[in-house]
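Observations on chain architecture
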Amino acid sequence: MDAAKDTNPSCKLHTRLRLWEFADRYIFEPIDGLADLYLSVSRASGSMNLVEELPPRSPSINPKVQTVFGVIGVLKLAVGSYFFVITDRDCVGSYLGHAIFKVTGLKVLRCNDSLNTSPEQQKKMESEISELLDAAEKTMGLYFSYDINLTLNSQRLYDVDDEFKSRPLWRQAEPRFLWNSYLLEPLIENKLDQYLLPVIQGSFQNIQAEVGSEKVNVTLIARRCTGRIGTRMWRRGADPEGYAANFVESEQIMQSKGYTASYVQVRGSMPFLWEQIVDLTYKPSFDIVRQEEAPSVLERHFKDLQKKYGAVLAVDLVNTQGGEGRLHERYAKSIEPILSEDVRYVHFDFHRICGHVHFERLSQLYEQIEDYLKKHKYFLLNEKGEKIQEQLGVVRNNCIDCLDRTNVTQSMIARRILESQLQQIEVFGVNDTITKYPAFDASYKVLWANHGDAISIQYSGTPALKGDFVRYGKRSAQGILNDLQYSLARYYLNNFADGTKQDAMDLLQGRYITSVSRDMAPPTKAGFVESYASARLAFALVSGAFMFMMMSLRHARHDARHLLLSLLWAGLCIGITHFVRSNGRVFTNRPRAHKSSRP
């Protein structure tokens, strides 16, 4: 691919800025030689303008100075404006010859000095927003490039024309994968093209290996869709427009002998309306909502996939029994009307066939889909950068979370595709497999394990389950213990932390509170239980009753009155536990902006 045509020199983005923090303004000074003008931002209102020089300084004016590596965007709220800047970055590899960076430091610059004279309600609102901004600063898995459009996979990037590539990067970006789309709007309005840095959320992994006399470079990119972005339990299924929760495009790129090959898979929640709202139980029940709408929502989702990827093979990995079974039945029934030569559905009961240790039985799934993979091929460029073939269809994988079973399955498919690519360009012999090269095999397994962990941490808060198989090719006792630990951690996070995290995500995507030109809707009045319910209060009440019961039992042998008291405390303990259990959803950490899909 012609790297020289990927960007227009006049639209180059600032790569380094000196941030001056004056008492009344922030000044961004370009120190990369791309411009002479400074960006000035009012700390009172957040208004922006370009200036020719820094404000005058004196011994009494000593502004704080630091280097930043880009402006991710601006959040404009009723209580003020907030600038998100990159304070640290790591170069993690290259995408088609251009450096890719991971955000390792994120800072929020608050522009709301007028808050000191604001009404008490706005001050309270600012306090609530600050909690969400603190969570937003901890956002993980953000990647960017100053030079190339990271939101497009290799095949789509190859097919765009030179006029498209001459646009500023933010105008080239695929909206589905542009994580900071909402945050860029104020910068776009001010025509600050050199500050408009497109960012994706996902993962970027890279390995290099020697296969005989040849070097093989493998890159794995995850692009998370923002259409229904969120946390594990608060974003399930699809919305009425067909955007699926935890929808991720995974692209595996192989480069060797001058060839470049790419293969894309996608994952996403079952694309109809369903929920699994936390209620303090270990596994909350699944709730299929507005079942009559399932076929139309699913059709919207698959039409969009066909438009972007061509043919679609839906691989459904969920159980056929219990709550998962009901979801499977709804999925299978709803997709029937659109099944065709270009839309195919395969169900593979992962847990029944593979259990917890026999993941090698995934070969049975491969046998069912091998003809589809060979027919729809992969993207391949020769040594001259000419297209030899293209990928004509995509595999869409899902389980319940689209994390653990899904990642194991995607890694298996990607491995088979990579072996085909290396055989075609004659790096591998006709019957060679990756396992023939132990060092390559080990690195490749780690590549996919890290990929799965990154996606899982962003959605569930923990690394992926079953990661030991992806990482080492077999299940181990330590891996099973790790899965138990991660499952318990997920339970805690889902019930007691993810509500705030979900609100922070919605805030950054413009779904939580509207912009400064509109008013924040007043919160609905909470009931008595909702006003005082919290996990800490529930735990304290149950623990207190249990403690008094045990103290009374210690004296019950000598005093019948204590036996009666112990029974009283036991009853209270059971009653409180039952009350908390019956109102489980109220005692969890819920997002303020959450609305059920129920009519």
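Residues numbered from 1 in each chain as written. Predicted model: local features only at pLDDT ≥ 70, side-chain atom pairs only at ≥ 80, totals over all residues. Heavy atoms only, no water.

- Taking an unreviewed UniProt entry as the reference, the chain is identified by name as SAC domain-containing protein belonging to Triticum aestivum.

1. Focus on the confidence of the model for the chain
- For the chain, per-residue confidence averages 88 on the pLDDT scale, and 88% of positions sit at 70 or higher.
- Here residues 2-7 is a poorly scored stretch, pLDDT under 50, and it has 13 contacts once near neighbours within four places are set aside; other chains count.
- The low-confidence segment residues 514-526, where pLDDT is below 50, has 15 contacts with residues more than four positions distant or belonging to other chains. (pLDDT = per-residue confidence, 0-100. Contact = heavy atoms within 4.5 Å.)

2. Concerning the side chain of Q172
- By secondary structure assignment, the location of Q172 is in helix α4 (residues 169-172).
- A distance of 3.1 Å separates a polar side-chain atom of Q172 from the backbone oxygen of K165. (Helix = DSSP H or I, 4+ residues; strand = E, 2+ residues; numbered from the N terminus. Polar contact = N/O pair within 3.5 Å; in protein donor to acceptor, adjacent residues only side chain to side chain.)

3. Quick notes on the pairing of strand β1 (residues 17-21)
- Where burial is concerned, most of β1 is hidden: four out of the five residues are buried.
- Strand direction decides the pairing type here: β1 and strand β5 (residues 64-68), joined by five bridges, are antiparallel. Along β5, the bridge assignment pairs L17 with V68.
- The pairing of β1 with strand β2 (residues 25-30) spans five bridges and is classified as antiparallel. Counterpart to R18 in the pairing with β2 is E29.
- As consecutive antiparallel partners, β1 and β2 are separated by three residues. (Buried < 20%, exposed > 50% of the residue type's maximum accessible area, 1.4 Å probe, protein only. Pairing = 2+ DSSP bridges.)

4. Re the pattern of salt bridges
- Overall, the coordinates contain 30 salt bridges when judged by the stated rule.
- For E174, the salt bridge goes to R176, with nearest N and O atoms at 3.5 Å. Residues E174 and R176 agree in their burial class; the two are buried.
- Between R236 and D401 there is a salt bridge; the shortest N-O distance is 2.7 Å. With R236 in the loop between β11 (214-224) and β12 (248-256) and D401 in the loop between β20 (393-398) and α10 (404-424), this pair connects stretches of sequence that are 165 residues apart. Assigned by exposure class, R236 and D401 land together as buried. (Salt bridge = Lys/Arg side-chain N within 4 Å of Asp/Glu carboxyl O.)

5. What to know about the packing of helix α6 (residues 294-309) against helix α7 (residues 322-335)
- In the contact formed by α6 and α7, the axes pass within 9 Å of each other and the chain directions differ by 70°. Considered as vectors, α6 and α7 are oriented roughly perpendicular to each other. Between α6, through A294, P295, L298 and F302, and α7, the contact on the second element is made entirely by R330, Y331, S334 and I335.
- When the residues that make up the contact of α6 with α7 are grouped by side-chain class, the tally is six nonpolar, one polar and one charged. (Axes fitted to C-alpha atoms, helices over the stretch in contact; angles between N-to-C directions. Parallel < 35°, antiparallel > 145°, perpendicular 65-115°, else oblique. Nonpolar A, V, L, I, M, F, W, Y, C, P; charged D, E, K, R; others polar.)

6. A few points about the sheet that holds β5
- The five strands lie next to each other as β4-β3-β2-β1-β5, forming an open sheet whose pairing is antiparallel. Edge positions in the open sheet fall to β4 (48-51) and β5, since each of these has one partner strand only. Adjacent strand axes in the sheet meet at a mean angle of 25° when their direction is disregarded.

7. Quick look at the UniProt feature "transmembrane region" (unreviewed entry) in the chain
- Residues annotated by UniProt as "transmembrane region" (unreviewed entry) correspond here to residues 532-551 and 563-580.
- In residues 563-580, helix accounts for 100% and strand for 0%; the two terminal C-alpha atoms are 26 Å from one another. (UniProt positions renumbered as here; feature names shortened; annotations may be inferred.)

8. What about a nonpolar patch on the surface?
- A surface patch of nonpolar side chains, amounting to about 450 Å² of accessible area, comprises Y282, L481, L484 and L488.
- On the secondary structure map, L484 appears in helix α13 (residues 477-496). (Patch = residues over 30% accessible without salt bridge, like charges linked within 9 Å, V, L, I, M, F, W, Y side chains within 5 Å. Areas by Shrake-Rupley, 256 points an atom, 1.4 Å probe, with all protein chains shown as cover.)

9. Section: α6
- The end-to-end C-alpha distance of α6 is 22 Å, a good match for the 22 Å that 16 residues give at a rise of 1.5 Å each.
- Those residues of α6 that sit buried are A294, V297, L298, H301, F302, L305 and Y309. Buried positions in α6, seen along its axis, are confined to an arc of 125° and lie on one side of it. Exposed positions of α6 whose direction lies more than 90 degrees from the buried face are K303 and K307.
- Looking at the buried residues of α6, the elements they touch are β12, β13 (259-267), β16 (311-316), α7, β17 (343-347) and β20. (Expected span 1.5 Å × (residues − 1). Arc of directions from axis to C-beta.)

10. Brief notes about the pairing of β11
- In terms of burial, β11 is largely enclosed, as nine of its 11 residues are buried.
- With 10 bridges joining them, strand β10 (residues 199-211) and β11 adopt antiparallel strand pairing. Within β11, the position partnered with G202 by the bridge is R223.
- Count of turn residues in the β10/β11 antiparallel hairpin: two residues, of which G212 carries a positive phi of about 65°.
- Relative to β12, β11 runs antiparallel, the two being bridged by eight bridges. Looking across to β12, one finds that T219 is bridged to I253.

11. Some thoughts on the nonpolar core
- Residues L365, L373, L422, F440 and Y444 are the most contacted members of the largest nonpolar core, which totals 49 residues.
- Ranked by residues supplied to this core, first place goes to α10 with seven residues.
- Residues contacting L373, with those up to four places away along its chain left out, are Y263, Y366, V395, I413 and I417.
- Counting 30 residues, the second largest nonpolar core, distinct from the first, contains F101, L106, W179 and L507. (Core = buried A, V, L, I, M, F, W, Y, C linked by side-chain atoms within 4.5 Å.)

12. What to know about the environment of G310
- With respect to the helices and strands, the residue G310 is situated in the loop between α6 and β16.
- Residues G310 and L392 lie 82 residues apart in sequence; the distance between their C-alpha atoms is 5.5 Å.
- Sequence-distant contacts of G310, that is, excluding residues within four places in its chain, are made with L305, L392 and G393.

13. What to know about unusual backbone geometry
- We note that K377 has phi near 55°; this positive angle belongs to a residue other than glycine.
- One can find K377 in the loop between α9 (363-376) and β18 (379-381).
- Unusually for a residue other than glycine, E426 sits at a positive phi of about 65°.
- Along the polypeptide, E426 turns up in the loop between α10 and α11 (438-460).
- On the basis of relative accessibility, which here comes to 65%, the residue E426 falls in the exposed class.

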